[in-house]
Amino acid sequence: MRPPQQSVLRPDHASLVVHGRDQPGIVAVVTSVLARHGANIVALDQHSDDPEGGAFFQRTVFHLPAYPALRPVLEQDLAAALTGGFDLQWRFTDLSAPRRVAVFASRSDHCLLDLIWRQRRGELPVTISMVVSNHPDLAQEVRGFGIPFFHVPTEDKAAAEAEHLRLLDGNVDLVVLARYMQILSSPFLEAVGVPVINIHHSFLPAFVGAEPYRKAKERGVKIIGATAHYVTENLDEGPIIEQDVVRVSHRDTAQDFARRGADVERQVLARAVLWHCQDRVVRHARQTIVF
């Protein structure tokens, strides 16, 4: 495989995401801890939904040589500094290291191959560790990129999900459903231990089932789109990460709808995966804050 033409990985960079109850002094405490360890802050975004006791969110990107070695000390100092009244959660993310991703797909290849190409070009900070499918159709294309492909039939759902968990265990940081036409069970989502991102056309639930673009054409819709969201036990109701739309008209055929819809799906899913892997997304109740 050729080396990437560009890369969104940032050597010696890390992010710190803090969220919780808003109150005075949070920004000062966080930045002072980073400064004491010689970190140079290169980006800082914050949001409060109510300055009087509402929810507070902050993402700080900083440059710090030897960050992996210093991370335990940073975490200890931040924990000590935030004691005494601050009701916050936080996480550090190394922005120089790619996230390990498993992609689940069925027969449609447009989202899957787009993610693979973006990884190859260095446009996503990921390593696609494996592709898992309930059909064997895409095996040759995927293996041509040097990525392991696993065909796991789903006629026996419990057995299939047990095999999925075996493949994923300790090997991935994220699962992406790239038009994987199977519903994940609640026990699987509880056991998988990593976030799961899904992409679907934005017609749900108006045009469920097969051939949604034909149904949309027959209904005369004027806008088609796509939604990327985190997967929860409530089908297609997880927190939304990204959405986009494109206008269509009576001049477009059902095939035009499908082609343009696939373009939107690719772009929306790629942005959602990028933002998640850059630690730009904070889940809050049923919604997300995306920096």
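Residues numbered from 1 in each chain as written. Predicted model: local features only at pLDDT ≥ 70, side-chain atom pairs only at ≥ 80, totals over all residues. Heavy atoms only, no water.

Peer 1: Whenever I open this one, the sheet that holds strand β9 (residues 196-201) confuses me. Can you help?
Peer 2: To summarise the sheet geometry, strands pair through backbone hydrogen bonds and adopt either a parallel or an antiparallel arrangement. The sheet built from 7 strands is open, its strands ordered β7-β6-β5-β8-β9-β10-β11 with mixed pairing. The strands lining the two open edges of the sheet, one partner per strand, are β7 (149-151) and β11 (240-247). Averaged over all adjacent pairs, the angle separating strand axes in this sheet is 20°, with direction ignored. Where strand β5 (residues 99-105) lies against strand β6 (residues 126-133), 7 bridges are found, and the strand directions are parallel. The residue bridging Ala102 from the neighbouring strand is Met130, located in β6. (Pairing = 2+ DSSP bridges. Helix = DSSP H or I, 4+ residues; strand = E, 2+ residues; numbered from the N terminus. Axes fitted to C-alpha atoms, helices over the stretch in contact; angles between N-to-C directions.)

Peer 1: Before we go on, may I ask you to explain the pattern of salt bridges in this structure?
Peer 2: Any two side chains of opposite charge can pair, on the condition that their charged atoms come close. For the coordinates displayed, the defined rule picks out 17 salt bridges. When the shortest N-O distance is used, the salt bridge between Glu75 and Arg71 registers 3.1 Å. Taken together, the residues Glu75 and Arg71, both in helix α2 (residues 67-81) and 4 residues apart, mark about one turn of the helix. A salt bridge links Asp137 to Arg107; the shortest N-O distance between them is 3.2 Å. Of this pair, Asp137 sits in the loop between β6 and α4 (139-143) while Arg107 sits in the loop between β5 and α3 (110-120), placing them 30 residues apart in sequence. What makes Arg107 exposed here is its relative accessible area of 52%. A single salt-bridge network, built from bridges that share partners, covers Asp114, Arg118, Arg121 and Glu123. (Salt bridge = Lys/Arg side-chain N within 4 Å of Asp/Glu carboxyl O. Buried < 20%, exposed > 50% of the residue type's maximum accessible area, 1.4 Å probe, protein only.)

Peer 1: What is the right way to read the confidence of the model for the chain from this model?
Peer 2: Averaged over all residues, the pLDDT of the chain equals 93, while 97% of them reach at least 70. Segment residues 1-5: pLDDT under 50, and 8 contacts once partners within four positions in sequence are set aside and those in other chains are kept. (pLDDT = per-residue confidence, 0-100. Contact = heavy atoms within 4.5 Å.)

Peer 1: Please clarify how the side chain of Asp114 should be interpreted in this entry.
Peer 2: For Asp114, the position within the fold is in helix α3. At a separation of 2.7 Å, a polar atom in the side chain of Asp114 contacts the side chain of Arg118. (Polar contact = N/O pair within 3.5 Å; in protein donor to acceptor, adjacent residues only side chain to side chain.)

Peer 1: Help me understand the environment of His276, please; the structure alone is not making it clear to me.
Peer 2: Tracing the backbone shows His276 in helix α8 (residues 254-277). Expressed as a C-alpha distance, the spacing of His276 and Pro125, which sit 151 residues apart in the sequence, is 9.9 Å. With sequence-adjacent residues up to four places away left out, His276 is seen in contact with Arg99, Leu174, Pro195, Ile197, Tyr230 and Val281.

Peer 1: How should I be thinking about the sheet that holds strand β3 (residues 55-63) in this particular structure?
Peer 2: As summarised here, the arrangement of the 4 strands in space is β2-β3-β1-β4, forming an open sheet in which the pairing is antiparallel. Of all strands in the sheet, those bounded by a partner on one side alone are β2 (40-48) and β4 (88-94). For this sheet, the mean angle separating the axes of adjacent strands, direction not counted, is 10°. Helix-sheet contacts for helix α1 (residues 26-36) involve β1 (13-21), β2, β3 and β4, and the interaxial angle to β3 is about 20°. Here α2 sits on the sheet and contacts β1, β3 and β4; the angle it forms with β4, its principal contact strand, is near 170°.

Peer 1: What's the story with empty space enclosed by the protein in this structure? I'm lost.
Peer 2: If you roll a probe as big as a water molecule over the atoms, it shows you where there is empty space left. Here the structure, examined in full by the defined rule, presents 2 cavities of 30 Å³ or more. The wall of the largest cavity is formed by Thr154, Lys157, Ala160, Glu161, His164, Tyr180, Gln182, Ile183 and Leu184. Taken together, the residues of the lining of the largest cavity break down into 4 nonpolar, 3 polar and 2 charged. The space that makes up the second largest cavity amounts to roughly 30 Å³. (1 Å grid on protein atoms, 1.4 Å probe; cavity = no way out; pocket = protein on both sides within 12 Å on 5 of 7 lines; lining within 4 Å. Points joined across faces, edges and corners; volume = space filled by probe spheres on them. Nonpolar A, V, L, I, M, F, W, Y, C, P; charged D, E, K, R; others polar.)

Peer 1: Just checking my understanding: could you explain the packing of aromatic side chains for this structure?
Peer 2: One pass over the structure, following the stated rule, counts 5 aromatic pairs. For the ring pair Phe62 and Tyr67, a centre distance of 5.9 Å and an interplane angle of 70° mean the geometry is edge-to-face. No difference in accessibility class separates Phe62 from Tyr67, as the two residues are buried. Between Tyr67 and Phe92, the aromatic rings sit 6.4 Å apart at their centres with planes inclined by 45°, giving tilted as the arrangement. Here the residue Tyr67 occupies a position in helix α2, and Phe92 occupies one in strand β4, the gap between them amounting to 25 residues. Phe92 matches Tyr67 in its accessibility class, with the two residues each being buried. The lysine or arginine in question, Arg283, covers the ring of Tyr230, its NZ or CZ lying 4.7 Å from the ring centre. (Phe/Tyr/Trp six-rings, centres within 6.5 Å; stacked < 30°, edge-to-face > 60°. Lys NZ or Arg CZ within 6 Å of the ring centre and 35° of its normal.)

Peer 1: What should I look at first to understand the nonpolar core in this one?
Peer 2: Here is a general trend for soluble globular proteins: nonpolar side chains tend to be buried in one another's company. Counting 44 residues, the largest nonpolar core has Leu112, Leu269 and Val273 as the members making the most contacts within it. No other element matches α8, which puts 8 residues into this core. (Core = buried A, V, L, I, M, F, W, Y, C linked by side-chain atoms within 4.5 Å.)

Peer 1: Before we go on, may I ask you to explain α3 in this structure?
Peer 2: Working note: α-helix, 3.6 residues per turn, so residues spaced by three or four point in the same direction. Buried residues dominate α3, accounting for 9 of its 11 residues. Turning to α3, its buried residues are His110, Cys111, Leu112, Leu113, Asp114, Leu115, Ile116, Gln119 and Arg120. Next to the buried residues of α3 lie β5, β6, α4, β8 (174-177), β9 and α8. In the segment just after α3, Gly122 is the residue with positive phi, at about 80°.

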